[in-house]
Amino acid sequence: MRKIKIVTDSACDIPKELEERYGIRILPFAIIVGDQSYTERKDFTNGEFYQILATSPKLPSTAQYTAMQFLEAYEEIWQEGYTDLIYTSINSKGSSTYSNSLMAREEFFETHPEAKEGFSIHIVDSKSYTIGYGYPVVEAAKKAEKGASPAEIVAYLEDWFASCRIYFAPYTLEFVKRSGRVGCAAAFVGELMGLKPIITFEDGESKTVAKVRGDKAVIPALLKIAQERMIPHTPYCIIGGSVQEYIDTMDAEARKAFGYASSMTTTAGAAISINAGYRIIGIIIKEKLKK
């Protein structure tokens, strides 16, 4: 019988209670603030990091999860008696973490050739961020708990990522400007005119799909895009930041728009808020594939 360990990294933004409930191994990114290094999900809560982000004179940064760290994790999980490790990574175009996981897999089997017969490492590039891959990882853990095979779980993940799409809006352009998600000139004009960009990712790259004027227009615009593009009756998730009112409003309005509740609602962790800011709201959907 297969014994499967579901693994991901800390930009997934999976709520702590779900991580613990389903035994998901979350590999934490290092967060660099000035000359100090912190560990995401361990050294601070999301709310505490928002305070750090708000007061830090220099934009904090993330450090990729290294091949050596992956190798150590693989060895631990193998020693624990698992037959399969399924790792879902942050978008490979936004981080070297995915390529490091592949490098470590090769090194692991070179170092432990005896593991080849009874241990498999499956690696999936989410091509996504936050609960765009956090949600399906939790679903993958549920499937593993119910006895699904590694092949069935990987197929589920790949199907989700084939049509998963994130749409989000920052209420301030400071962080998307500093991180390069929105160009400095565009951000300056946007701030001057009170415009808020609706941002998504295509082929791993950020893209502004719309601009709205004023805070009150953000959530209606996000929901309009989601309604037009979502595969009917499929799961959707909500991601927010420091302002609970935005999350509550999005949750309530999405229920009205779709007729059912979100499958997961959470706040952005450090790895995400560094690039998008802590005053954000977003929605993750399964989008109709373009013909």
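Only a predicted model underlies this, so the values are computations on that prediction, with no experimental measurement involved.

1. A look at the layout of surface pockets
Okay, step 1: If you add up the space inside the largest pocket, you get close to 520 Å³.
Okay, step 2: Along the walls of the largest pocket sit 24 residues, with Phe161, Ala162, Cys164, Arg165 and Asp203 positioned nearest its centre.
Okay, step 3: The greatest single-element share of the lining of the largest pocket, amounting to four residues, is contributed by helix H6 (residues 150-163).
Okay, step 4: Looking at the lining of the largest pocket, its residues break down into eight nonpolar, six polar and ten charged.

2. Some points on the sheet that holds strand E4 (residues 36-39)
Paired through their backbone hydrogen bonds, the strands of a sheet run either parallel or antiparallel.
Okay, step 1: On the basis of which strands lie adjacent, the open sheet formed by three strands has the order E4-E3-E5 and antiparallel pairing. Of all the strands in the sheet, the pair left with one neighbour each is E4 and strand E5 (61-63). Strand-to-strand twist of the sheet, defined as the mean angle between neighbouring strand axes without regard to direction, takes the value 35°.
Okay, step 2: Bridging between strand E3 (residues 30-33) and E4 involves four bridges; their strand directions are antiparallel. Among the inter-strand pairings, Val33 is bridged to a residue of E4, identified as Gln36.

3. Examining the packing of helix H5 (residues 131-145) against H6
Okay, step 1: Between H5 and H6, whose axes approach to 10 Å, the crossing angle comes to 160°. Here H6 runs roughly antiparallel to H5, going by the angle between their axes. Pair H5 / H6 crosses with right-handed handedness. Contacts from Gly132, Tyr133, Tyr135, Pro136, Val137, Glu139, Ala140, Lys143 and Ala144 in H5 reach Ile153, Tyr156, Leu157, Trp160 and Phe161 in H6.
Okay, step 2: Taken together, the residues that form the contact of H5 with H6 break down as eleven nonpolar, one polar and two charged.

The rules behind each value
- Residues numbered from 1 in each chain as written.
- Predicted model: local features only at pLDDT ≥ 70, side-chain atom pairs only at ≥ 80, totals over all residues.
- Heavy atoms only, no water.
- 1 Å grid on protein atoms, 1.4 Å probe; cavity = no way out; pocket = protein on both sides within 12 Å on 5 of 7 lines; lining within 4 Å.
- Points joined across faces, edges and corners; volume = space filled by probe spheres on them.
- Helix = DSSP H or I, 4+ residues; strand = E, 2+ residues; numbered from the N terminus.
- Nonpolar A, V, L, I, M, F, W, Y, C, P; charged D, E, K, R; others polar.
- Pairing = 2+ DSSP bridges.
- Axes fitted to C-alpha atoms, helices over the stretch in contact; angles between N-to-C directions.
- Parallel < 35°, antiparallel > 145°, perpendicular 65-115°, else oblique.
- Left-handed = near helix turned anticlockwise from the far one by under 90°.
- Contact = heavy atoms within 4.5 Å.

Any link to function would need more than the numbers given here.
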